[in-house]
Amino acid sequence: MRGVPDSAAIDASSSSAVLRRSFRKTFLPAVRGEGVYLWDASGKQYLDFSGSAAVNFIGHGVAEIAAAMASQAKQLEFVHSSQFTTPVAEEYAAELIEFAGKNFEGGCVYFTCGGSESIETALKLSRQYQVEIGQTKRHQVISRGQSYHGSTLGALSVSGNKRRREIYLPMVREFAHVGFPYCYRCAFDCTDGCRNCGEEYAAELERAIEAANGEVAAFIFEPVSGATLGAVVPPSGYLQSVAEICRRHGVLLIADEVMTGMGRTGRNFALEHWDVAPDILVTAKGLSSGYAPLGAVLVSKRVASAIADGSGAFLHGFTYNSHPISLAAGRAVLTRVQEQELVQAADSESRGSTAATLRQALERLRDAKAVGDVRGIGLLWGVEFVADKTTKRPFAPELNFAGRVAQAAVNRGLLVYPMQGCVDGVSGDHVLITPPAVITTEQIDWAVKQLREAIEEAATT
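Residues numbered from 1 in each chain as written. Predicted model: local features only at pLDDT ≥ 70, side-chain atom pairs only at ≥ 80, totals over all residues. Heavy atoms only, no water.

Q: Honestly, the nonpolar core in this entry has me stumped. Any pointers?
A: Buried together is how nonpolar side chains tend to be arranged in soluble globular proteins. If you look at the biggest cluster of nonpolar residues, it comprises 108 residues, and the most contacted ones within it are Phe-49 and Phe-219. Those residues in contact with Phe-219 that lie beyond four places of it in its chain are Ile-142, Ser-143, Arg-144, Val-178, Leu-205, Tyr-238, Val-242, Cys-246, Val-251, Leu-252, Leu-253 and Ile-254. By size, the runner-up hydrophobic cluster in this structure holds 24 residues, among which are Tyr-110, Ile-119, Ala-218 and Ile-280. (Core = buried A, V, L, I, M, F, W, Y, C linked by side-chain atoms within 4.5 Å. Buried < 20%, exposed > 50% of the residue type's maximum accessible area, 1.4 Å probe, protein only. Contact = heavy atoms within 4.5 Å.)

Right, dumping it as structure tokens:
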């Protein structure tokens, strides 16, 4: 019987039958995880300061999650959702609706295998909703430039990440992309704490809706930007204005909380910071904390009722949606998040919380020569690098400064999430810091010290 591969049998330098994300990068074989740490096959330890791309929220190696998955697998490993529902699906969906709060009372959940599938589901759902209520012209989905919503073609069509879209553009259906509040590099007057620029960008959305002549079905956005911009927090009033504009024009509001949901920002979902109620909410990543492939689309009662009372069927499906073992993992993760009070730990405005400690430690990086901005909320932070702090001039893209920082950090046993293109889609470097909520003060201090040294090394090479 085959079990976990023997770490000694894995050779990082050998040729691989796996189509990896890069043929020019060496990928070390990870063999174990516990808490905030990962180990490779050689026994080297890494502090997972990026939460494995903002996925892991509860920590690695939690035995209760594996036990819940094994228990479900022993009882029932799979049924197709066109033939059956399952107790774990029904119970977990009800718990998620309760976790999402009053806005989703009477609504429902569509489970997928991850973020991109969930975005595809939300896009198609917004179109079907409009058809069900007689708005058959509405099919366009407006999004923001410098955004990222997934890697499938539908998700790419509403993403603004230039590097990830460029070669696929001939295959993509294009809709309007509007501007976004990015106060470190704002095009408007930000002397009032960016409230003015927020209103300017909201007005741009309204103009785009009006220019589409009644064809817009939905507007999709990240409440706090993820990988593409690096934890940019919207200014006060912006999201409220966006929500009001969409309501007035009959446009559904789709919140992409793949990265920000499930407690990452110190609220169950990030939109709670601004008291905004979306029609559709998409989440993944922290939903299962990486223990199994899982995403979810939360649908308000209004949207669900339009389909239930209309055609009566959502014309969409994946073979593995509502997979029982993944749902068992997600349900066990939600239980742990609540029992361990990890959402509260992720509240950076709460004195003495884990997130407040992280914020204070990262703020100390501002005096580093190459650091232009430190921004974020909860346990989602970005550090942007610049070649000149006075002018905010970015490093030349070919230097891959963020990649250099990340490699220098890896050499020190620290994992961060490097990205390029935050300025204009090509230039601009930053790293995301998104650790598990179980990280300690001592681990934060050590990690920030290593990150500072990695930045300094990259700046001198």
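Q: Before we go on, may I ask you to explain the packing of aromatic side chains in this structure?
A: Two aromatic rings, taken as a pair, are described by how far apart their centres are and by the angle between their planes. Here the structure, examined in full by the defined rule, presents nine aromatic pairs. Between Phe-78 and Tyr-320 the ring centres are 5.5 Å apart and the planes differ by 65°, which places this aromatic pair in the edge-to-face class. Taken together, the residues Phe-78 in the loop between helix 2 (63-75) and helix 3 (87-100) and Tyr-320 in the loop between helix 9 (301-308) and helix 10 (324-339) connect sequence positions 242 residues apart. For Phe-78, a relative accessible area of 25% gives the class partly exposed. Relative accessible area serves as the criterion here: at 48%, Tyr-320 is assigned to the partly exposed category. Both rings, one in Phe-99 and one in Phe-269, keep their centres 5.8 Å apart while their planes meet at 75°; by these two values the pair is edge-to-face. Within this pair, whereas Phe-99 is found in helix 3, its partner Phe-269 is found in the loop between strand 8 (252-257) and strand 9 (280-283), the two being separated by 170 residues in sequence. (Phe/Tyr/Trp six-rings, centres within 6.5 Å; stacked < 30°, edge-to-face > 60°. Helix = DSSP H or I, 4+ residues; strand = E, 2+ residues; numbered from the N terminus.)

Q: Can you help me understand the sheet that holds strand 15 (residues 429-433) in this one?
A: Pairing between sheet strands relies on hydrogen bonds along the backbone, with the strands arranged either parallel or antiparallel. Taken in spatial order, the four strands of this open sheet run 11-12-15-14, and their pairing is antiparallel. Of all the strands in the sheet, the pair left with one neighbour each is strand 11 (371-377) and strand 14 (417-420). The sheet shows a mean angle of 20° between the axes of neighbouring strands, taken without regard to direction. Judged from the six bridges that link them, strand 11 and strand 12 (residues 380-385) form a sheet pairing that is antiparallel. Looking across to strand 12, one finds that Val-374 is bridged to Val-383. On the sheet, helix 12 (residues 354-363) packs against strand 11, strand 12 and strand 15 and is oriented at approximately 5° with respect to strand 12. (Pairing = 2+ DSSP bridges. Axes fitted to C-alpha atoms, helices over the stretch in contact; angles between N-to-C directions.)

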